[in-house]
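Architecture and fold: a report
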Amino acid sequence: MPKRSLMLAGGGVKVAFQAGVLQVWLDEAGLEFDRGDAVSAACFNLAMWVQGMSGTEIADNWRNTQPFSEIDVNAPQLARLLYAASILDLDAFRQKIFPAWKLDWSRIRSSTRESTFNVYNFSKHELCPIHAADMTEDFLVASASLPMWFPPVKIAGDTYIDAVFNTGSNIDEAIRSGADELWVIWTTSQRGEWFDGFVGNFFGIFEATVVGGYKSALARIAANNAALERGEPGEFGRVITVKELKAEVPLHYLLNFSRDRAAEAVNRGVEAARVWCDTAGIQRRPGPVYVPAGPVPRTVVRFSEMLNGFVGFGATEFAAGFE
């Protein structure tokens, strides 16, 4: 059997959608994976999977999370203005979210599920895939410490940050670990829309780096497979299959303050995964149907028309009215 790697790509809080996909892939379709790999906030989902949580448990953790409780303003740093360490911090995840999700570090470190959590060691300028046996809360926080938004994490004297500017999905590590099939859940936007302002520019750079690197990796896989088909030695020495589920998730990467919208992103992931499985011929058992929170929005269309010209009292023709 081919070795399957679950590839959880980064995408900020858009990975709530990813959790919905996991509910379907793991619970409804019963898919099993030989290993897992994650980047950025997707490492949170990987931690829950490695610990042994079901897809529904992972999805429900995101559905029940209050967005306002996720992050805090890094108030002590604001006075430093341009020299502040970060705008926000992830202390709330340490104090509230991880305990609410029931993350258990001893269970994660003793898990038999092969996995890699990617962080970037800025001190040595190295991409570091951290195995489950070495995982700590500090490494998990570092995996999502997006520069400028969250402060770096010091571990054993080195500075660690989010690896997402180096890789959006560590495909090389999965292939090095023997994976033949890469099951990718991709949530970073590929619309190509540029937005003005600091926030818009920042995440435009984010998308350029992440999507560009991912497309480059896919191109290498395509070249490898084509070479093998011609009877030539490919870069990876074996055929690599990519099974990709990607979506444009209607959430901002960081600035979401609606629990309903986050829950709806999870449910969209469920719906998308069901369609994806049905299209791919992957059998699954029926799952619950989710009703959108609150009133269903109505679409209203309004037309208006403006007439512009000349009129005259008693005139029935344009020329007479004009005169």
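Please refer to the structure placed before this passage.
Overview of the structure.

Cut-offs used in this document
Residues numbered from 1 in each chain as written. Predicted model: local features only at pLDDT ≥ 70, side-chain atom pairs only at ≥ 80, totals over all residues. Heavy atoms only, no water. Phe/Tyr/Trp six-rings, centres within 6.5 Å; stacked < 30°, edge-to-face > 60°. Helix = DSSP H or I, 4+ residues; strand = E, 2+ residues; numbered from the N terminus. Buried < 20%, exposed > 50% of the residue type's maximum accessible area, 1.4 Å probe, protein only. Lys NZ or Arg CZ within 6 Å of the ring centre and 35° of its normal. Core = buried A, V, L, I, M, F, W, Y, C linked by side-chain atoms within 4.5 Å. Contact = heavy atoms within 4.5 Å. Polar contact = N/O pair within 3.5 Å; in protein donor to acceptor, adjacent residues only side chain to side chain. Pairing = 2+ DSSP bridges. Axes fitted to C-alpha atoms, helices over the stretch in contact; angles between N-to-C directions. Parallel < 35°, antiparallel > 145°, perpendicular 65-115°, else oblique. Left-handed = near helix turned anticlockwise from the far one by under 90°. Nonpolar A, V, L, I, M, F, W, Y, C, P; charged D, E, K, R; others polar. 1 Å grid on protein atoms, 1.4 Å probe; cavity = no way out; pocket = protein on both sides within 12 Å on 5 of 7 lines; lining within 4 Å. Points joined across faces, edges and corners; volume = space filled by probe spheres on them. Right-handed = clockwise from strand over helix to strand, strands pointing away.

1. Points about the packing of aromatic side chains
The description of an aromatic ring pair rests on the distance of the ring centres and on the angle between the ring planes. Per the counting criterion, the structure on display carries 28 aromatic pairs. Ring geometry for Trp25 against Trp183: centres 5.5 Å apart, planes inclined by 90°, an arrangement best described as edge-to-face. In this pair, Trp25 sits in helix H1 (residues 15-28) while Trp183 sits in strand E9 (residues 181-186), placing the two residues 158 residues apart along the sequence. You'll find Trp25 and Trp183 in the same group, each marked buried. Linked through ring pairs, Trp149, Phe165, Phe198, Phe202, Phe203, Phe206 and Tyr253 together constitute an aromatic cluster. Across from the ring centre of Tyr253, 4.8 Å away, lies the NZ or CZ of Lys14, which sits over that ring.

2. Details of the nonpolar core
Within the largest apolar cluster, 93 residues are counted, with the highest numbers of intra-cluster contacts made by Trp25, Phe117, Leu140 and Leu182. Among the elements that take part in this core, H1 stands out by supplying nine residues, more than any other. Residue contacts for Leu140: discarding those within four places in its chain leaves Cys43, Phe44, Ala47, Phe98, Leu103, Trp105, Phe117 and Met135.

3. What about the environment of Gln283?
In this fold, Gln283 is placed in the loop between helix H10 (259-280) and helix H11 (318-322). Note: C-alpha distance between Gln283 and Ala29 (254 residues apart in sequence) is 6.0 Å. If near-sequence neighbours (up to four positions away) are discounted, Gln283 is found in contact with Glu28 and Ala29.

4. Structural notes on the environment of Arg259
Mapping Arg259 onto the fold places it in helix H10. For the pair Arg259 and Asp162, spaced 97 residues apart in sequence, the C-alpha to C-alpha distance is 25 Å. Filtering out sequence-adjacent residues up to four positions away, Arg259 remains in contact with Arg63, Asn64, Thr65, Gln66 and Pro67. Here Asn64 takes part through its side chain, which lies 3.5 Å from a polar atom of the side chain of Arg259.

5. Remarks on the pairing of strand E6 (residues 126-131)
Strand direction decides the pairing type here: strand E5 (residues 114-121) and E6, joined by six bridges, are antiparallel. Bridging from a neighbouring strand, Thr116 pairs with His131 of E6.

6. Examining the packing of H1 against helix H3 (residues 55-63)
Contact pair H1 / H3: the axes reach a minimum separation of 7 Å and the direction vectors enclose 155°. Considered as vectors, H1 and H3 are oriented roughly antiparallel to each other. You can see that H1 and H3 cross each other, and the crossing is left-handed. In this structure, H1 contributes Val15, Ala16, Ala19, Gly20, Leu22, Gln23, Leu26 and Asp27 to the contact, and H3 contributes Gly55, Thr56, Ile58, Ala59, Trp62 and Arg63. Taken together, the residues of the contact of H1 with H3 break down into eight nonpolar, four polar and two charged.

7. Remarks on the layout of surface pockets
Within this model, the largest pocket holds a volume of roughly 300 Å³. Along its surface, the largest pocket is lined by 18 residues, and Arg191, Phe195, Glu207, His252 and Tyr253 are the ones closest to its centre. No other element matches helix H9 (residues 197-229), which puts five residues into the lining of the largest pocket. Considered class by class, the residues forming the lining of the largest pocket number seven nonpolar, five polar and six charged. As a volume, the second largest pocket reaches approximately 240 Å³. Lining the second largest pocket are 15 residues, with Asn166, Thr167, Ser169, Ile171 and Asp172 sitting closest to its centre. Going through the elements one at a time, helix H8 (171-176) and H9 are the ones with two or more residues in the lining of the second largest pocket.

8. Structural notes on the packing of H3 against H10
Packing of H3 against H10 brings their axes to within 8 Å, and their N-to-C directions diverge by 155°. Taken together, the axes of H3 and H10 are roughly antiparallel relative to one another. Listed contacts from H10 to Ala59, Trp62 and Arg63 of H3 are Arg259, Ala263, Val266, Asn267 and Val270. Classifying every residue of the contact of H3 with H10 by side-chain character gives five nonpolar, one polar and two charged.

9. Some details on the pairing of strand E10 (residues 241-246)
Note that E9 and E10 share six bridges and pair parallel. Along E10, the bridge assignment pairs Ile185 with Leu245. Regarding topology, H9 serves as the crossover connection from E9 to the parallel E10, and that connection is right-handed.

Note that all results are geometric; they support no functional claim without further evidence.
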